[in-house]
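Here is what each chain is made of, one letter per residue.
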Amino acid sequence: NLTYNSLINGLCQKGKMEDAIIFLEKCKFQGFNPDVYTYGVIIEGFCKKDEIQKGKKLFNELVNKNMEANSFIYNTLIRAYSKNGDITEAVKLFNEMKSKGIQLSSVTYSSLIHGYSNNGYLDDAKRLINEMRDDGLSPDVVCYTALIGGYCKTGQMEKVLTTLEEMSSYDIHPNKITYTVMIDGYCKLGQTEVAVKVLGEMEQKGVVPDVVTYNALADGFSKEGKIEEAFRLFNDMSRRGVDLD
RNA sequence: UCUAUACGAGUCU
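Residues numbered from 1 in each chain as written. Chains lettered and ligands numbered in written order. Predicted model: local features only at pLDDT ≥ 70, side-chain atom pairs only at ≥ 80, totals over all residues. Heavy atoms only, no water.

Novice: Would you mind going over the overall build of chain A with me for this structure?
Specialist: Regarding its fold elements, chain A presents 14 helices and zero strands. When the helices and strands of chain A are listed from N to C terminus, the series reads α-α-α-α-α-α-α-α-α-α-α-α-α-α. Every one of the 245 residues in chain A was classed for burial, and the buried ones make up 42%. Surface summary for chain A: the accessible area is close to 13200 Å², and the carbon and sulfur share equals 52%. Side chains of chain A give 29 positive and 34 negative charges; the mean places of these two sets differ by 5 Å. (Helix = DSSP H or I, 4+ residues; strand = E, 2+ residues; numbered from the N terminus. Buried < 20%, exposed > 50% of the residue type's maximum accessible area, 1.4 Å probe, protein only. Areas by Shrake-Rupley, 256 points an atom, 1.4 Å probe, with all protein chains shown as cover. Lys, Arg positive; Asp, Glu negative; His and termini not counted. Charge placed at Lys NZ, Arg CZ, Asp CG, Glu CD.)

Set out below in structure tokens:
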């Protein structure tokens, strides 16, 4: 089974979903019974290509076979629906996990927080952070960064600051992505001076900016016509050698 | 306290 699954996984990773399905059928013909892992891999493959309906169809197939989807599969679907703006469906799956007693994790929460956040439901996103604690989980930097991203997108920078304070009270430290989200947020609001200040803070804390951080700033400068600044940034970047990852 | 799915957050396109 492991062999079948890894072959199918290989195809899915490459986005060759048609081939994966054909291969799956052939395997079935040879007496292979797809298991939860098989389904997981294929569902993820479809979700990555934004073909959620096909993923959901397999999910239903799995359920009809009296197998239980694992948290990987739920998380994958919740994330896909969230990304697609279909919060209703994401929440439905989230609740289903709860009622079936499937282990929720910070991945589950962050996926949904991201969904709420990106669709403007910031109160719900915030609520989930608290709910996590009630569930005995600790929101991590990813959860907080997703929330901060929502505040940035809606221009609620005061809330970004209070969120940072909350994080620090729990001893959760903003990372490269958290800072980049904020820098991008300020840039998009036309406040590149503040963005530069955030970059300074970031470096002071020993968090190293990467190419995405610089791109966010560069984009901000160019939209404000700050060519000089953009060049300075560019020099800065090549002088220090930027981490790619 | 090992157990097969690069499960979650950022820029530009």
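On we go.
Novice: What exactly am I supposed to notice about helix 5 (residues 71-83) here?
Specialist: One turn of the α-helix equals 3.6 residues, which is why residues spaced by three or four share an orientation. Spanning 13 residues, helix 5 covers 18 Å between terminal C-alpha atoms, matching the ideal 18 Å at 1.5 Å per step. Every buried residue belonging to helix 5 is among Ile73, Tyr74, Asn75, Thr76, Leu77, Ile78, Ala80, Tyr81 and Ser82, and all of these are buried. On its buried face, helix 5 is in contact with helix 3 (36-48), helix 4 (52-64), helix 6 (87-100) and helix 7 (106-118). Two residues or fewer after helix 5 comes Gly85, characterised by a positive phi angle close to 85°. (Expected span 1.5 Å × (residues − 1). Contact = heavy atoms within 4.5 Å.)

Novice: Sorry, what's going on with the confidence of the model for chain A here?
Specialist: Detailed reading of predicted coordinates is not advised where the pLDDT is low. Residues with a pLDDT of 70 or more make up 98% of chain A, whose mean pLDDT is 93. The ipTM, which scores confidence in the relative placement of chains, is 0.85 for this predicted complex, and the corresponding pTM is 0.93. (pLDDT = per-residue confidence, 0-100.)

Novice: Mind showing me how you'd approach the packing of helix 5 against helix 6 here?
Specialist: A pair of packed helices is captured by two measures, namely the crossing angle of their axes and the spacing between those axes. Across the interface, helix 5 lies against helix 6 with an axial gap of 7 Å and an inter-helix angle of 160°. Considering their axes alone, helix 5 and helix 6 lie roughly antiparallel with respect to each other. The chirality of how helix 5 crosses helix 6 is left-handed. Of the residues in helix 6, those in contact with Ser71, Tyr74, Asn75, Leu77, Ile78, Tyr81 and Ser82 of helix 5 are Ile87, Glu89, Ala90, Leu93, Phe94, Glu96, Met97 and Lys100. For the contact of helix 5 with helix 6, the class distribution of residues is nine nonpolar, three polar and three charged. (Axes fitted to C-alpha atoms, helices over the stretch in contact; angles between N-to-C directions. Parallel < 35°, antiparallel > 145°, perpendicular 65-115°, else oblique. Left-handed = near helix turned anticlockwise from the far one by under 90°. Nonpolar A, V, L, I, M, F, W, Y, C, P; charged D, E, K, R; others polar.)

Novice: Can you help me understand the packing of aromatic side chains in this one?
Specialist: The description of an aromatic ring pair rests on the distance of the ring centres and on the angle between the ring planes. Applying the stated criterion across every chain yields a total of four aromatic pairs. Centre to centre, the rings of Tyr116 and Tyr121 are 6.3 Å apart; their planes meet at 80°, and the pair counts as edge-to-face. For Tyr116, a relative accessible area of 8% gives the class buried. A cation sits over an aromatic face here: Arg133 above Tyr170, 3.5 Å from the ring centre. (Phe/Tyr/Trp six-rings, centres within 6.5 Å; stacked < 30°, edge-to-face > 60°. Lys NZ or Arg CZ within 6 Å of the ring centre and 35° of its normal.)

Novice: When you look at the protein's contact with RNA strand B in this model, what are you seeing that I'm missing?
Specialist: Taken together, the neighbourhood of RNA strand B is formed by 36 residues, with Asn9, Gln13, Tyr37, Phe72 and Ser110 sitting nearest. Atoms of RNA strand B within 4 Å of the protein: sugar and phosphate make up 46%, bases the balance. With respect to RNA strand B, the side chain of Asp210 contributes an N or O atom lying 2.9 Å from a base nitrogen. In this structure, a base nitrogen belonging to RNA strand B sits 3.4 Å away from a side-chain N or O atom of Thr213. Going through the elements one at a time, helix 1 (2-13), helix 3, helix 5, helix 7, helix 9 (141-153), helix 11 (176-188) and helix 13 (211-223) are the ones with two or more residues in the surface near RNA strand B. The dominant element in the surface near RNA strand B, judged by the number of residues it contributes, is helix 11, at six residues. Grouping the amino acids of the surface near RNA strand B by side-chain chemistry returns twelve nonpolar, 15 polar and nine charged. (Near = heavy atom within 4 Å. Polar contact = N/O pair within 3.5 Å; in protein donor to acceptor, adjacent residues only side chain to side chain.)

Novice: Could you clarify how one ought to interpret the pattern of salt bridges in this entry?
Specialist: Working definition: two side chains of opposite charge can pair if their charged atoms are close together. Throughout the structure, instances matching the rule amount to 20 salt bridges. In this structure, the salt-bridge partner of Lys92 is Glu89, at a minimum N-O distance of 3.6 Å. Residue Lys92 and its partner Glu89 are both found in helix 6; the two are separated by three residues, about one turn of the helix. Taking relative accessible area as the criterion, Lys92 reaches 49% and is therefore assigned partly exposed. Through salt bridges with shared partners, one network takes in Lys98, Asp124, Arg127, Glu131 and Asp135. (Salt bridge = Lys/Arg side-chain N within 4 Å of Asp/Glu carboxyl O.)

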